[in-house]
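Structural description and commentary
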Amino acid sequence: MDRARKEQIVSELGQIFEWAGVVVVARYSGMTVENMEDFRSQMREAGGFVRVAKNRLARIALKDSRYEDMSNLMTGMTVLAYSEDPVTAAKVADAYARKNRKLELVGGSLDGSTLDAAGVKRVAKLPSREELIASLVGCILAPAAGLASAVGAPASGVASLLESIEEKAA
């Protein structure tokens, strides 16, 4: 690999580290190409990405970034899983690591805070952005639904009463 290509990779990795809400570092020793493609596919479906890069180039890209403390995790055969959403990459990586023991979570970083493997697993248990939005919308709509049923209840009661009176008269 020539110098220009290495500089390009360092630049791409630097952009990833600036953009990502979460970066997960894992070791993938023993994984087949099929396993890695499956992992990439699951990550892509969830809105995340997977990148394999030379550790030395990743450490250069990490220098002076908010993820700089993560450079000590870059040893052995490492793969980076990342997403803009602060939970997605951790969720998918943790789920895949539980299913395929050849992917070993090493650690990562959440918005600049370095995580160990246990920290990545804790982040994976957090609700995603979409789940939080759905929960918030449910909380907002619940009182409105209750109010609508309370307002409609007397009218339905009167209608039932009129219907029963009409049935008795007939």
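Above this text sits the structure in question.
An account of the accompanying structure is given in this report. None of the values given here were measured: they were computed from a predicted structure. Residue indices begin from 1 for each chain and proceed along its sequence in written order. Two thresholds apply to this predicted model, a pLDDT of at least 70 for residue-level local features and 80 or more for giving and counting side-chain atom pairs, whereas whole-chain, interface and lining totals are computed over all residues. Computation of side-chain values covers all heavy atoms of the structure but excludes hydrogens and water.

**Section: the pairing of strand β3 (residues 78–83)**
As a general feature of sheets, a regular strand has side chains that alternate between the two faces. Just so we agree on the cut-off: Burial classes follow relative accessibility: with a 1.4 Å probe on protein chains only, a residue under 20% of its type's maximum area counts as buried, one over 50% as exposed, and anything between as partly exposed. Secondary structure follows DSSP: runs of H or I at least 4 residues long count as helices, runs of E at least 2 residues long count as strands, and numbering of each begins at the N terminus. Each pair of strands is called paired provided DSSP finds at least two bridges between the two strands.
For β3, the buried fraction is high: six of the six residues fall into the buried class. Residues of β3 alternate between two faces, with Thr78, Leu80 and Tyr82 on one and Val79, Ala81 and Ser83 on the opposite face, all of them buried. As paired strands, strand β1 (residues 22–27) and β3 are joined by six bridges and run antiparallel to one another. Each residue of the ladder has a partner; that of Val22, found in β3, is Ser83. By the bridge criterion, four bridges tie strand β2 (residues 48–51) to β3 in an arrangement that is antiparallel.

**Some thoughts on the sheet that holds β3**
Cut-off, in case you're wondering: Angular values range over 0 to 180 degrees, each being the angle between N-to-C directions of two axes fitted as lines to C-alpha atoms, with helices fitted over their stretch in contact. Contacts are assigned to residue pairs that have any heavy atoms within 4.5 Å of one another.
Spatially, the five strands line up as an open sheet ordered β2-β3-β1-β4-β5, and their pairing is antiparallel. Whereas interior strands pair on both sides, the edge strands pair on one side only; in this sheet they are β2 and β5 (113–116). Neighbour-to-neighbour, the strand axes of the sheet open up by a mean angle of 20°, direction not taken into account. Relative to β5, strand β4 (residues 104–110) is paired through four bridges, and the arrangement is antiparallel. Counted as the bridge partner of Gly108 is Leu115 from β5. Sheet contacts for helix α2 (residues 33–46): β2 and β3; angle to β2, the most-contacted strand, approximately 150°.

**Examining the nonpolar core**
What counts, and what does not: We define the nonpolar core as a collection of buried residues of types Ala, Val, Leu, Ile, Met, Phe, Trp, Tyr and Cys that are connected through side-chain atoms lying within 4.5 Å of one another.
Residues Val24, Phe39, Met43 and Leu103 are the most contacted members of the largest nonpolar core, which totals 23 residues. Those elements that provide at least two residues to this core are β1, α2, β3, α4 (88–99) and α5 (117–124). Among the elements that line this core, the one with the most residues is α4, at six residues. Sequence-distant contacts of Met43, that is, excluding residues within four places in its chain, are made with Gly48, Phe49, Val50, Ala81, Ala89, Val92 and Ala93. Membership of the second largest hydrophobic core comes to 20 residues, among which are Leu13, Ala58, Ala61 and Leu62.

**Structural notes on a positive patch on the surface**
Using the following cut-off: Patch membership requires over 30% relative accessible area and the absence of a salt bridge. Like charges are linked within 9 Å, and nonpolar side chains (Val, Leu, Ile, Met, Phe, Trp, Tyr) within 5 Å. Note on areas: Shrake-Rupley with a 1.4 Å probe; residue coverage comes only from the protein chains shown. Throughout this description, the term salt bridge denotes a Lys or Arg side-chain nitrogen within 4 Å of a carboxyl oxygen of Asp or Glu. His is not counted here, nor are the chain ends, while Lys and Arg score as positive and Asp and Glu score as negative. By convention, the charge on Lys lies at NZ, on Arg at CZ, on Asp at CG and on Glu at CD.
On the surface, a cluster of positive charge is contributed by Arg101, Lys121, Arg122 and Lys125. You can see Lys125 is positioned in the loop between α5 and α6 (129–169). A relative accessible area of 69% places Lys125 in the exposed class.

**A look at the pattern of salt bridges**
A side chain of one charge can pair with a side chain of the opposite charge when the charged atoms of the two come close. Tallied over the full model, the rule gives six salt bridges. Here Arg40 ties to Glu37 by a salt bridge, and the two come within 3.9 Å at their closest N and O atoms. Placement of both Arg40 and Glu37 in helix α2 is noted, with a separation of three residues, approximately one turn of the helix. Relative accessible area serves as the criterion here: at 24%, Arg40 is assigned to the partly exposed category. Taking the relative accessible area as the measure of exposure, Glu37 reaches 42% and is therefore partly exposed. The partner of Asp38 in a salt bridge is Lys99, and the shortest N-O contact between them spans 3.9 Å. Here Asp38 is found in helix α2, whereas its partner Lys99 is found in helix α4, with 61 residues between them in sequence. Since its relative accessible area comes to 31%, Asp38 is described here as partly exposed.

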